[in-house]
Amino acid sequence: MGKVSVKRFGCLKHCQLSKKCKAAAFIGIVKQLRMKPVIVVHGGAWAIPDKIAEDSISGVKNAILEGIKILEKGGSALDAVERAVRSMEDNPVFDAGHGAVLNANGEVELDAVIMDGKTLAAGAVSSIRNISNPVTFARSVMEKTDHVMLTDRGANQYADCQGIPKVATDELITEGERKEWEHYQKYAHSVKTLFNSQLVHDTVGAVALDCSGNVACATSTGGIRNKMVGRVGDTPIIGSGGYADNNIGAVSCTGHGESIMKVTLARLILFHMEQGKSPEQATDEALQYMGKRVHGAGGAIVVSPDGKWAARFTTERMAWASIKEDTLSYGLNPKEMFNEKTFRIAS
(Lines give C-alpha, C1' and ligand atoms only; values in the text may rest on other atoms or scores of the structure.)
Protein backbone atom coordinates (compact mmCIF):
# COMPACT_ATOMS: atom_id res chain seq x y z
CA MET A 1 0.00 0.00 0.00
CA GLY A 2 1.60 3.27 -1.13
CA LYS A 3 2.02 6.40 0.98
CA VAL A 4 -0.53 9.18 0.75
CA SER A 5 0.80 12.61 -0.12
CA VAL A 6 0.77 14.83 2.96
CA LYS A 7 0.58 17.92 0.73
CA ARG A 8 -2.47 16.61 -1.06
CA PHE A 9 -4.31 16.18 2.19
CA GLY A 10 -2.58 19.06 3.98
CA CYS A 11 -5.89 20.40 5.25
CA LEU A 12 -5.97 17.51 7.71
CA LYS A 13 -2.80 18.87 9.30
CA HIS A 14 -3.15 22.61 9.03
CA CYS A 15 -6.87 23.38 9.24
CA GLN A 16 -9.05 23.32 12.32
CA LEU A 17 -11.68 20.94 10.98
CA SER A 18 -14.67 19.52 12.79
CA LYS A 19 -14.74 15.82 13.58
CA LYS A 20 -17.22 15.31 10.75
CA CYS A 21 -14.96 17.02 8.20
CA LYS A 22 -11.99 14.99 9.35
CA ALA A 23 -14.00 11.80 9.06
CA ALA A 24 -15.12 12.69 5.54
CA ALA A 25 -11.54 13.52 4.48
CA PHE A 26 -10.26 10.28 5.97
CA ILE A 27 -12.88 8.26 4.11
CA GLY A 28 -11.82 9.94 0.87
CA ILE A 29 -8.20 8.94 1.47
CA VAL A 30 -9.15 5.37 2.35
CA LYS A 31 -11.15 4.88 -0.83
CA GLN A 32 -8.20 5.96 -2.99
CA LEU A 33 -5.99 3.34 -1.36
CA ARG A 34 -8.35 0.45 -2.33
CA MET A 35 -9.82 -1.10 0.77
CA LYS A 36 -9.32 -4.64 1.92
CA PRO A 37 -12.86 -6.04 1.95
CA VAL A 38 -14.54 -7.15 5.17
CA ILE A 39 -17.76 -9.10 5.72
CA VAL A 40 -19.56 -10.09 8.92
CA VAL A 41 -22.71 -12.22 9.26
CA HIS A 42 -24.97 -13.35 12.09
CA GLY A 43 -27.53 -16.13 12.40
CA GLY A 44 -29.58 -14.56 15.18
CA ALA A 45 -29.13 -13.65 18.84
CA TRP A 46 -31.20 -15.92 21.11
CA ALA A 47 -30.96 -18.92 23.43
CA ILE A 48 -29.62 -21.25 20.74
CA PRO A 49 -30.01 -24.86 21.97
CA ASP A 50 -27.09 -27.26 21.82
CA LYS A 51 -28.86 -29.49 19.29
CA ILE A 52 -28.54 -26.86 16.55
CA ALA A 53 -25.42 -25.04 17.78
CA GLU A 54 -23.05 -26.83 15.40
CA ASP A 55 -25.38 -26.37 12.44
CA SER A 56 -25.74 -22.67 13.28
CA ILE A 57 -21.97 -22.16 13.23
CA SER A 58 -21.67 -24.15 10.01
CA GLY A 59 -24.45 -22.07 8.48
CA VAL A 60 -22.87 -18.68 9.21
CA LYS A 61 -19.47 -19.91 7.99
CA ASN A 62 -21.00 -21.11 4.72
CA ALA A 63 -22.84 -17.81 4.34
CA ILE A 64 -19.74 -15.72 4.84
CA LEU A 65 -17.81 -17.77 2.30
CA GLU A 66 -20.59 -17.07 -0.22
CA GLY A 67 -20.34 -13.36 0.47
CA ILE A 68 -16.57 -13.14 0.32
CA LYS A 69 -16.56 -14.73 -3.14
CA ILE A 70 -18.27 -11.58 -4.39
CA LEU A 71 -15.87 -9.21 -2.63
CA GLU A 72 -12.77 -11.13 -3.76
CA LYS A 73 -13.69 -10.48 -7.36
CA GLY A 74 -14.11 -6.76 -6.75
CA GLY A 75 -17.88 -7.03 -6.38
CA SER A 76 -20.00 -4.65 -4.36
CA ALA A 77 -20.81 -4.78 -0.67
CA LEU A 78 -24.48 -4.77 -1.67
CA ASP A 79 -24.09 -7.93 -3.75
CA ALA A 80 -22.08 -9.58 -0.98
CA VAL A 81 -24.62 -9.01 1.81
CA GLU A 82 -27.46 -10.17 -0.42
CA ARG A 83 -25.60 -13.37 -1.31
CA ALA A 84 -24.71 -14.10 2.31
CA VAL A 85 -28.25 -13.55 3.56
CA ARG A 86 -29.74 -15.64 0.75
CA SER A 87 -27.51 -18.49 1.88
CA MET A 88 -29.01 -18.31 5.37
CA GLU A 89 -32.56 -17.89 4.03
CA ASP A 90 -32.05 -21.18 2.17
CA ASN A 91 -30.76 -22.92 5.31
CA PRO A 92 -33.63 -24.35 7.42
CA VAL A 93 -31.64 -24.03 10.65
CA PHE A 94 -32.27 -20.27 10.59
CA ASP A 95 -35.47 -18.28 11.08
CA ALA A 96 -35.57 -16.69 7.62
CA GLY A 97 -37.00 -17.96 4.34
CA HIS A 98 -36.92 -21.76 4.59
CA GLY A 99 -37.16 -22.59 8.29
CA ALA A 100 -39.09 -19.47 9.33
CA VAL A 101 -41.17 -19.65 12.50
CA LEU A 102 -44.97 -19.58 12.46
CA ASN A 103 -47.37 -16.90 13.64
CA ALA A 104 -50.40 -17.41 15.91
CA ASN A 105 -52.38 -18.89 13.01
CA GLY A 106 -49.59 -21.29 12.06
CA GLU A 107 -48.57 -19.24 9.01
CA VAL A 108 -45.26 -17.89 7.72
CA GLU A 109 -44.79 -14.10 7.54
CA LEU A 110 -41.40 -12.86 6.38
CA ASP A 111 -39.62 -9.48 6.66
CA ALA A 112 -36.35 -8.22 5.14
CA VAL A 113 -34.32 -5.08 4.50
CA ILE A 114 -31.27 -4.16 2.42
CA MET A 115 -29.43 -0.83 2.32
CA ASP A 116 -26.65 0.71 0.23
CA GLY A 117 -24.29 2.93 2.25
CA LYS A 118 -23.08 4.79 -0.85
CA THR A 119 -26.44 6.30 -1.79
CA LEU A 120 -28.59 5.55 1.30
CA ALA A 121 -30.93 3.68 -1.04
CA ALA A 122 -32.95 1.08 0.87
CA GLY A 123 -35.60 -1.53 0.21
CA ALA A 124 -37.76 -3.51 2.60
CA VAL A 125 -40.63 -5.99 2.60
CA SER A 126 -42.86 -7.19 5.42
CA SER A 127 -45.50 -9.84 6.06
CA ILE A 128 -44.80 -11.74 2.84
CA ARG A 129 -45.77 -15.41 2.78
CA ASN A 130 -44.58 -17.32 -0.25
CA ILE A 131 -41.24 -15.90 -1.41
CA SER A 132 -38.23 -17.90 -0.26
CA ASN A 133 -35.64 -15.11 -0.55
CA PRO A 134 -37.16 -11.93 0.92
CA VAL A 135 -33.79 -10.11 0.84
CA THR A 136 -33.72 -10.27 -2.96
CA PHE A 137 -37.34 -9.13 -3.05
CA ALA A 138 -36.37 -6.17 -0.83
CA ARG A 139 -33.56 -5.27 -3.22
CA SER A 140 -36.05 -5.25 -6.10
CA VAL A 141 -38.19 -2.77 -4.16
CA MET A 142 -35.10 -0.60 -3.65
CA GLU A 143 -33.95 -0.65 -7.26
CA LYS A 144 -37.19 -0.80 -9.24
CA THR A 145 -39.72 1.30 -7.31
CA ASP A 146 -39.91 4.80 -5.85
CA HIS A 147 -40.69 3.34 -2.44
CA VAL A 148 -38.70 1.93 0.46
CA MET A 149 -41.11 -0.68 1.84
CA LEU A 150 -43.90 -2.87 0.49
CA THR A 151 -46.05 -5.10 2.66
CA ASP A 152 -48.55 -7.96 2.58
CA ARG A 153 -51.01 -7.91 -0.38
CA GLY A 154 -49.32 -5.02 -2.18
CA ALA A 155 -45.96 -6.75 -1.95
CA ASN A 156 -47.43 -9.91 -3.47
CA GLN A 157 -48.99 -7.92 -6.31
CA TYR A 158 -45.64 -6.29 -7.03
CA ALA A 159 -43.93 -9.70 -6.97
CA ASP A 160 -46.40 -10.92 -9.62
CA CYS A 161 -45.69 -7.89 -11.81
CA GLN A 162 -41.93 -8.43 -11.55
CA GLY A 163 -42.13 -12.18 -12.12
CA ILE A 164 -40.45 -12.87 -8.79
CA PRO A 165 -40.56 -16.64 -8.18
CA LYS A 166 -43.04 -17.84 -5.59
CA VAL A 167 -43.15 -21.10 -3.68
CA ALA A 168 -45.89 -22.94 -1.87
CA THR A 169 -45.94 -21.69 1.71
CA ASP A 170 -45.61 -25.27 2.98
CA GLU A 171 -42.18 -25.44 1.33
CA LEU A 172 -40.92 -22.82 3.80
CA ILE A 173 -42.15 -24.70 6.88
CA THR A 174 -39.96 -27.42 8.34
CA GLU A 175 -41.35 -30.43 10.15
CA GLY A 176 -39.43 -29.35 13.24
CA GLU A 177 -41.01 -25.90 13.25
CA ARG A 178 -44.50 -27.33 12.85
CA LYS A 179 -43.92 -29.57 15.88
CA GLU A 180 -42.46 -26.69 17.92
CA TRP A 181 -45.46 -24.50 17.06
CA GLU A 182 -47.90 -27.23 18.08
CA HIS A 183 -45.96 -27.74 21.32
CA TYR A 184 -46.22 -24.02 22.06
CA GLN A 185 -50.01 -24.08 21.75
CA LYS A 186 -50.19 -26.12 24.97
CA TYR A 187 -48.63 -23.35 27.01
CA ALA A 188 -49.73 -19.80 27.84
CA HIS A 189 -46.46 -17.85 27.58
CA SER A 190 -45.97 -14.34 26.24
CA VAL A 191 -43.95 -13.88 23.07
CA LYS A 192 -41.29 -11.91 24.98
CA THR A 193 -40.99 -14.69 27.58
CA LEU A 194 -40.53 -17.21 24.80
CA PHE A 195 -37.83 -15.06 23.20
CA ASN A 196 -35.68 -15.68 26.28
CA SER A 197 -36.28 -19.44 26.07
CA GLN A 198 -35.14 -22.02 23.53
CA LEU A 199 -38.55 -22.09 21.86
CA VAL A 200 -38.00 -19.27 19.36
CA HIS A 201 -35.49 -18.49 16.65
CA ASP A 202 -34.39 -15.11 15.39
CA THR A 203 -33.04 -13.03 12.52
CA VAL A 204 -30.13 -13.40 10.07
CA GLY A 205 -28.03 -10.57 8.69
CA ALA A 206 -24.84 -9.38 7.03
CA VAL A 207 -22.71 -6.24 6.72
CA ALA A 208 -19.83 -5.68 4.33
CA LEU A 209 -17.15 -3.25 3.18
CA ASP A 210 -15.98 -3.60 -0.42
CA CYS A 211 -12.75 -2.67 -2.19
CA SER A 212 -14.21 0.68 -3.24
CA GLY A 213 -14.88 1.68 0.37
CA ASN A 214 -18.64 1.22 0.16
CA VAL A 215 -20.63 -0.43 2.94
CA ALA A 216 -23.99 -2.23 2.90
CA CYS A 217 -26.27 -4.17 5.23
CA ALA A 218 -29.02 -6.77 4.88
CA THR A 219 -31.31 -8.40 7.45
CA SER A 220 -34.02 -11.06 7.05
CA THR A 221 -36.37 -12.83 9.46
CA GLY A 222 -39.46 -14.93 10.03
CA GLY A 223 -40.08 -13.02 13.25
CA ILE A 224 -40.96 -14.52 16.63
CA ARG A 225 -42.94 -17.72 17.01
CA ASN A 226 -46.65 -17.24 17.76
CA LYS A 227 -46.57 -13.52 16.94
CA MET A 228 -49.90 -11.89 16.12
CA VAL A 229 -50.90 -12.08 12.47
CA GLY A 230 -49.56 -8.97 10.73
CA ARG A 231 -46.98 -8.22 13.41
CA VAL A 232 -43.90 -6.52 11.97
CA GLY A 233 -40.72 -6.37 14.02
CA ASP A 234 -37.55 -4.36 13.71
CA THR A 235 -36.02 -6.14 10.71
CA PRO A 236 -37.56 -4.12 7.82
CA ILE A 237 -37.55 -0.82 9.71
CA ILE A 238 -34.74 1.43 8.45
CA GLY A 239 -32.55 2.43 11.40
CA SER A 240 -33.80 -0.40 13.60
CA GLY A 241 -33.11 -3.73 11.91
CA GLY A 242 -30.30 -2.31 9.81
CA TYR A 243 -28.64 0.83 8.49
CA ALA A 244 -25.72 1.62 6.18
CA ASP A 245 -23.95 4.92 5.52
CA ASN A 246 -20.51 5.19 3.91
CA ASN A 247 -19.71 8.10 6.21
CA ILE A 248 -20.17 6.02 9.39
CA GLY A 249 -20.56 2.28 8.80
CA ALA A 250 -23.11 -0.53 8.44
CA VAL A 251 -25.13 -2.42 11.06
CA SER A 252 -27.45 -5.44 11.09
CA CYS A 253 -29.42 -6.07 14.29
CA THR A 254 -31.04 -9.11 15.86
CA GLY A 255 -33.01 -9.76 19.04
CA HIS A 256 -36.32 -8.72 20.56
CA GLY A 257 -37.84 -6.66 17.77
CA GLU A 258 -40.09 -4.41 19.81
CA SER A 259 -37.18 -3.42 22.05
CA ILE A 260 -34.91 -2.78 19.06
CA MET A 261 -37.53 -0.51 17.46
CA LYS A 262 -38.00 1.52 20.63
CA VAL A 263 -34.32 2.53 20.71
CA THR A 264 -33.73 2.43 16.88
CA LEU A 265 -30.77 0.19 17.64
CA ALA A 266 -28.95 0.25 14.29
CA ARG A 267 -28.92 4.03 14.09
CA LEU A 268 -28.08 4.32 17.80
CA ILE A 269 -24.95 2.24 17.27
CA LEU A 270 -23.89 4.45 14.38
CA PHE A 271 -24.61 7.56 16.45
CA HIS A 272 -22.06 6.36 19.01
CA MET A 273 -19.58 5.69 16.21
CA GLU A 274 -20.09 9.25 14.97
CA GLN A 275 -19.00 10.37 18.43
CA GLY A 276 -15.67 8.58 17.96
CA LYS A 277 -16.37 5.20 19.56
CA SER A 278 -15.12 1.99 17.98
CA PRO A 279 -17.66 -0.46 16.51
CA GLU A 280 -17.27 -2.69 19.56
CA GLN A 281 -17.66 0.15 22.07
CA ALA A 282 -20.60 1.64 20.18
CA THR A 283 -22.43 -1.68 19.98
CA ASP A 284 -21.87 -2.54 23.64
CA GLU A 285 -23.08 0.88 24.76
CA ALA A 286 -26.22 0.72 22.60
CA LEU A 287 -27.09 -2.82 23.71
CA GLN A 288 -26.57 -1.92 27.36
CA TYR A 289 -28.84 1.10 26.92
CA MET A 290 -31.53 -1.07 25.33
CA GLY A 291 -31.33 -3.52 28.22
CA LYS A 292 -31.55 -0.81 30.84
CA ARG A 293 -34.15 1.40 29.14
CA VAL A 294 -36.62 -1.15 27.74
CA HIS A 295 -35.34 -4.44 29.21
CA GLY A 296 -34.62 -5.93 25.81
CA ALA A 297 -31.84 -8.27 24.73
CA GLY A 298 -30.28 -8.63 21.32
CA GLY A 299 -27.15 -8.40 19.24
CA ALA A 300 -25.60 -6.64 16.25
CA ILE A 301 -22.83 -6.91 13.70
CA VAL A 302 -21.03 -3.76 12.55
CA VAL A 303 -18.38 -2.70 10.06
CA SER A 304 -16.78 0.75 9.79
CA PRO A 305 -15.47 2.50 6.66
CA ASP A 306 -11.88 1.77 7.73
CA GLY A 307 -12.51 -1.97 8.09
CA LYS A 308 -12.99 -2.32 11.83
CA TRP A 309 -15.80 -4.70 12.76
CA ALA A 310 -17.70 -6.06 15.75
CA ALA A 311 -20.12 -8.88 16.60
CA ARG A 312 -21.69 -8.29 20.02
CA PHE A 313 -24.76 -9.56 21.88
CA THR A 314 -26.53 -9.64 25.26
CA THR A 315 -28.54 -12.83 24.68
CA GLU A 316 -27.31 -16.27 25.73
CA ARG A 317 -25.79 -16.93 22.31
CA MET A 318 -25.38 -15.54 18.80
CA ALA A 319 -23.93 -17.42 15.85
CA TRP A 320 -21.67 -15.10 13.87
CA ALA A 321 -18.69 -15.13 11.50
CA SER A 322 -16.40 -12.60 9.84
CA ILE A 323 -13.66 -12.54 7.21
CA LYS A 324 -10.98 -9.88 7.04
CA GLU A 325 -7.96 -10.48 4.84
CA ASP A 326 -6.95 -14.13 5.34
CA THR A 327 -8.68 -14.76 8.68
CA LEU A 328 -12.12 -16.27 9.22
CA SER A 329 -13.35 -15.59 12.75
CA TYR A 330 -16.49 -17.05 14.31
CA GLY A 331 -18.23 -17.61 17.62
CA LEU A 332 -21.39 -18.62 19.44
CA ASN A 333 -20.99 -17.98 23.18
CA PRO A 334 -20.19 -14.68 24.97
CA LYS A 335 -16.57 -13.55 24.68
CA GLU A 336 -15.83 -16.44 22.33
CA MET A 337 -13.82 -16.09 19.14
CA PHE A 338 -12.17 -18.78 17.04
CA ASN A 339 -9.85 -17.91 14.15
CA GLU A 340 -9.01 -19.90 11.05
CA LYS A 341 -6.54 -18.97 8.34
CA THR A 342 -8.35 -19.25 5.05
CA PHE A 343 -6.81 -17.59 1.99
CA ARG A 344 -5.44 -14.27 0.84
CA ILE A 345 -8.17 -12.03 -0.48
CA ALA A 346 -7.33 -10.89 -3.98
CA SER A 347 -6.05 -7.31 -4.16
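The rules behind these values
- Residues numbered from 1 in each chain as written.
- Predicted model: local features only at pLDDT ≥ 70, side-chain atom pairs only at ≥ 80, totals over all residues.
- Heavy atoms only, no water.
- Helix = DSSP H or I, 4+ residues; strand = E, 2+ residues; numbered from the N terminus.
- Buried < 20%, exposed > 50% of the residue type's maximum accessible area, 1.4 Å probe, protein only.
- Polar contact = N/O pair within 3.5 Å; in protein donor to acceptor, adjacent residues only side chain to side chain.
- Contact = heavy atoms within 4.5 Å.
- Axes fitted to C-alpha atoms, helices over the stretch in contact; angles between N-to-C directions.
- Parallel < 35°, antiparallel > 145°, perpendicular 65-115°, else oblique.
- Left-handed = near helix turned anticlockwise from the far one by under 90°.
- pLDDT = per-residue confidence, 0-100.
- Core = buried A, V, L, I, M, F, W, Y, C linked by side-chain atoms within 4.5 Å.
- Pairing = 2+ DSSP bridges.
- Nonpolar A, V, L, I, M, F, W, Y, C, P; charged D, E, K, R; others polar.
- Arc of directions from axis to C-beta.

Q: I'd like a description of the side chain of Ser220, backed by residues and values.
A: Relative to the helices and strands, Ser220 is located in strand S6 (residues 215-221). For Ser220, a relative accessible area of 0% corresponds to the buried category. A polar atom in the side chain of Ser220 sits 2.7 Å from the side chain of Glu89. Leaving out residues up to four positions away in the same chain, Ser220 has contacts with Val85, Glu89, Asp95, Ala96, Asp111, Ala112, Pro134, Thr203, Val204 and Thr235.

Q: Break down the environment of Gly239 for me, citing the residues and quoting the values.
A: Position of Gly239 among the secondary structure elements: in the loop between S6 and strand S7 (242-245). Not counting residues within four places of it along the chain, the set of residues in contact with Gly239 comprises Thr264, Leu265, Ala266 and Arg267.

Q: Let's hear about the packing of helix H10 (residues 265-274) against helix H11 (residues 279-294): which residues, and what values?
A: Running from N to C, H10 and H11 cross one another at 135°; their axes reach a closest spacing of 8 Å. The orientation of H10 with respect to H11, classified from their angle, is oblique. With respect to the hand of their crossing, H10 and H11 are arranged in right-handed fashion. In contact with Leu265, Leu268, Ile269, His272 and Met273 of H10, H11 contributes Pro279, Ala282, Thr283, Glu285, Ala286, Leu287, Tyr289 and Met290.

Q: I'd love a proper account of the confidence of the model for the chain, names of residues and values included.
A: Of the residues in the chain, 81% reach a pLDDT of 70 or more, and the chain-wide mean stands at 86. Contacts of residues 1-16 to residues separated by more than four positions or lying in other chains number 13 contacts, the stretch itself having pLDDT below 50.

Q: Break down the nonpolar core for me, with residues and values.
A: Within the largest apolar cluster, 55 residues are counted, with the highest numbers of intra-cluster contacts made by Ile39, Val41, Ile114 and Phe137. The element best represented in this core is helix H3 (residues 50-72), accounting for nine residues. If near-sequence neighbours (up to four positions away) are discounted, Val41 is found in contact with Val60, Ile64, Ala84, Met88, Gly205, Ala206, Ile301, Ala319, Trp320 and Ala321. Judged by nonpolar contacts, the second largest core, of 37 residues, contains Met115, Leu209, Val215 and Val294.

Q: Which residues make up the sheet that holds S6, and what are the values?
A: Judged by pairing direction, the sheet is mixed, and its nine strands sit side by side in the order S4-S3-S2-S6-S5-S1-S11-S12-S13 without closing on themselves. The open sheet has two edge strands, strand S4 (149-151) and strand S13 (338-341), and neither has a second partner. Neighbour-to-neighbour, the strand axes of the sheet open up by a mean angle of 10°, direction not taken into account. With six bridges connecting them, strand S2 (residues 110-116) and S6 associate as antiparallel partners. Residue Ile114 lies in a different strand from S6, and its bridge partner there is Ala218. Here helix H4 (residues 77-89) sits on the sheet in contact with strand S1 (38-46), S2, strand S5 (204-209) and S6, set at roughly 155° to S5. Packed onto the sheet, helix H6 (residues 152-162) meets strand S3 (122-128) and S4 and runs at close to 105° relative to S4.

Q: For the sheet that holds S7, give the residues involved together with the corresponding values.
A: One open sheet accounts for four strands, arranged S7-S8-S9-S10; its pairing is antiparallel. Looking along the sheet, the strands with just one partner apiece sit at the ends: S7 and strand S10 (309-313). Taken over all neighbouring pairs, the strand axes of this sheet differ in orientation by 5° on average, direction set aside. Of the strand pairs in this sheet, S7 and strand S8 (residues 249-255) are connected by four bridges, and their pairing is antiparallel. Residue pairing in the sheet places Tyr243 in a bridge with Val251 of S8. Of the strands in this sheet, S7, S8 and strand S9 (298-303) touch H10, which is tilted by about 140° from S8. Contacts from H11 reach S9 and S10 within the one sheet, and its direction differs from that of S10 by about 25°.

Q: So, the packing of H4 against helix H5 (residues 134-144): which residues are in play, and what are the values?
A: One can describe the packing of H4 onto H5 by two numbers: an axis separation of 8 Å at closest approach and a directional angle of 145°. On H5, the residues that touch Leu78, Asp79, Glu82, Val85, Arg86 and Glu89 of H4 are Pro134, Val135, Thr136, Arg139, Met142 and Glu143. In terms of residue class, the contact of H4 with H5 is built from five nonpolar, one polar and six charged.

Q: Give me the lowdown on H6, citing residues and values where you can.
A: For an α-helix the count is 3.6 residues per turn, leaving residues at separations of three or four pointing the same way. Of the residues making up H6, those classed as buried are Ala155, Asn156, Tyr158 and Ala159. Taken down its axis, H6 places every buried residue within 160° of arc, on the same side. Facing away from the buried surface of H6 by more than 90 degrees, the exposed residues are Arg153, Asp160 and Cys161. Looking at the packing, one finds that the buried side of H6 touches S3, H5 and S4. Two residues or fewer past H6, Gly163 is found with a positive phi of approximately 70°.

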